[in-house]
Each structure stands twice: as C-alpha cells, then as structure tokens.
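Inside the fold
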Amino acid sequence: MSDHTPARKHTALPKAQILIEALPWLTRHNGKTVVIKFGGNAMVDDALKDAFAQDVVFLRQAGLKPVVVHGGGPQINAQLDKQGLVSEFRAGLRVTTPEAMDVVRMVLAGQVQRELVGLLNQHGPLAVGLTGEDAHTLTATKHTPQIDGEPVDIGRVGEITAIDTGAIEALLADGRIPVISSIARSADDGHVYNVNADTAAAALAAALGAETLMVLTDVEGLYADWPNSDEVISRLTVSELEKLLPELSSGMVPKMEGCLHAVRRGVSTARVIDGRVPHSILLEIFTDEGIGTMVVPDAQGGEQQ
C-alpha cells in the first residue's frame, strides 16, 4: 500500500474490529455442532428468512456444523384452512387427525423444508432435507396428554422414543447442512406422527452431542416478570429454569423444556433468541452482546460461555 493514501486505509477498520471481536468465539466454536430450531416470524418474513439462511451458511463457513430443525405452524394452518379442515388445539398441541397429518407432512416436507433448502443452497451445494422418517432419524409413539387428570386422544401427535443420528452425522461429515422436518414414524403402529419441533430440536441436540441448541422465537427471550416488566433474563441455570417452568406461558413451555432437556443431557448451552431480529444467530454466537436467554448447567453458573 502506498504511503500517499493514509485516509483510505481507515474506512474499513470498523469491519476489521468486528471480525477481531468474533475471533475468540470462532476459535471456541470451531468444529462444534449447533442445532437451530427455525420458527416464528423468521419463518414467514422474506427478509428474515434470507438473513437466517445467510447466518446458517456463515456458521458453516466459519467452521461450525449447523443442523436446522423446523416446524411450520402458520403454513400448516393456512393449508388446513384451504382444505376446509379445522385447526383445534388441546393442551397446547394440535389435534391431528389422519387427514390433518397428511397435510402436516406435505407442508413440512414439501413446502417449508424445500423453501429452506432452496434459500441455503443459493450459497452453494450445502443443504440436504430430511424428515424424521428418513433413516429412522426420529421414532415416535403416540402422545396422549392428560387434561384435568384424564387422558385425551389428540390423534397423530407423537413423542420421540428413539433417535438415530447416523444420516445427520454422515451429512455433517460431508460438509452438508441437514434440514430436518419434525415428523416421525412410529415403531408401534407404522403411522407417521407430528412431533413438536422444539422438542425434536432439543432431543436431536442431545443425541448429536451438540455444543449449542438455539431456538428462534417471537419474543426477546424469557421475561423476568411478565407482564409487569419486559426485562429479559439473559442467563439462568437448569435449577433456576425448573423453578420458573410452572409460571411460563403455554407457547414458551416446550421451548424452555427443550432447553432444559438438552442441557441436562450434555449440551453446553441452550438459548432462546428473538427471531424477529435480523442476524440474531450471529449476534448470539459471535458477539459480546448476546441476545435472548441462555440456559447453562448448574455447575457453570458463574462461568462465561
């Protein structure tokens, strides 16, 4: 560089500083698996979808191994409406008739997953779509919730009984980004079941020995005293979260139970982050300004993650 252009040198300095701030995180996360639950507004807003895809590809190029798990509530509702099928929820779960299950499977595997794979693959031959049915990735049994002490039949809603990570691990070893739809086949009756995507992401994070589980949501994180205050709890331990669970809103329960499950089973940190913020994944993983709520094991309560 010639000595005659000192002013020009400095215009890019802020970019360099941002990259340097990311260095300790890049070093720490290199080679680690991170499971990301894609959902909420990030899943329906085009600009947020594009930013999400860029973030996931960035993680991959930065030496991490991202795995994406998705549901598709809004898209399923729209398709059920179109077909004149009623969306009914009990105990926070979609009542899933065999007809509704056909729609769920079609929307998740044929629409939401395809779109996400397409967005990721604008950046290279990276993403490969799977459902929990592929290679026995997820096996489920029928879930029968208790409502007021009575078991209630909510149809083809499953809970995971077994996970085979072989196909996902083969894809990761090949440098691919697995994109997984949260449906599973039952070993009991051979039917296909709809599985809560938060629960599926947490179970997969644990089974893969992931370093981090990230759950995108439509709130800033877990609030300390909602609705009296909008102060977000930025970090809490497994024990602290267990105490809070009974007070949480129904939509937050599967997300926080998933975080709890993952961290209890060896995932270093689980985070609920605001998917309405563009590039929230990068902000959470590569900066000091972590956003959202992070759950850590009890023993590490005071340790910087």
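Residues numbered from 1 in each chain as written. Predicted model: local features only at pLDDT ≥ 70, side-chain atom pairs only at ≥ 80, totals over all residues. Heavy atoms only, no water.

Attention now goes to a negative patch on the surface. A surface patch of negative charge is lined by Glu220, Asp225, Asp230 and Glu231. Relative to the elements of secondary structure, Asp230 occurs in the loop between β14 (222-223) and β15 (232-233). Judged by its relative accessible area of 54%, Asp230 falls in the exposed class. (Patch = residues over 30% accessible without salt bridge, like charges linked within 9 Å, V, L, I, M, F, W, Y side chains within 5 Å. Areas by Shrake-Rupley, 256 points an atom, 1.4 Å probe, with all protein chains shown as cover. Salt bridge = Lys/Arg side-chain N within 4 Å of Asp/Glu carboxyl O. Lys, Arg positive; Asp, Glu negative; His and termini not counted. Charge placed at Lys NZ, Arg CZ, Asp CG, Glu CD. Helix = DSSP H or I, 4+ residues; strand = E, 2+ residues; numbered from the N terminus. Buried < 20%, exposed > 50% of the residue type's maximum accessible area, 1.4 Å probe, protein only.)

By size, the foremost hydrophobic cluster in this structure holds 41 residues, and its most contacted members are Ile36, Phe52, Leu59 and Phe286. Going through the elements one at a time, α2 (13-29), β1 (33-38), α3 (46-61), α4 (73-82), α5 (98-120), β10 (177-181), β13 (212-217) and α10 (280-286) are the ones with two or more residues in this core. Element by element, the count of residues in this core is highest for α5, at 11 residues. Apart from the residues lying within four places of it in its own chain, the contact partners of Ile36 are Phe52, Val56, Leu59, Pro66, Val67, Val68, Val69, Met214, Leu216 and Ile281. Val35, Ala210, Leu222 and Leu248 belong to the second largest nonpolar core, which has 39 residues in total. (Core = buried A, V, L, I, M, F, W, Y, C linked by side-chain atoms within 4.5 Å. Contact = heavy atoms within 4.5 Å.)

Here we come to the packing of aromatic side chains. Applying the stated criterion to the full structure yields 2 aromatic pairs. Aromatic pair Phe58 and Phe286: ring centres 5.7 Å apart, planes at 70°, arrangement edge-to-face. One end of the pair, Phe58, is in helix α3; the other, Phe286, is in helix α10, and 228 residues separate them in sequence. Note on Phe58: relative accessible area 39%, which makes it partly exposed. Classification of Phe286 by relative accessible area gives buried; the value is 5%. Above the face of the Trp25 ring, Arg28 is positioned so that its terminal group lies 5.8 Å from the ring centre. (Phe/Tyr/Trp six-rings, centres within 6.5 Å; stacked < 30°, edge-to-face > 60°. Lys NZ or Arg CZ within 6 Å of the ring centre and 35° of its normal.)

At His136, a residue that is not glycine, the phi angle is positive and equals roughly 55°. In this fold, His136 is placed in the loop between β5 (127-131) and β6 (138-142). Here His136 falls in the exposed class, since its relative accessible area comes to 59%. Positioned with a positive phi, Asp148 is a non-glycine residue whose angle comes to about 55°.

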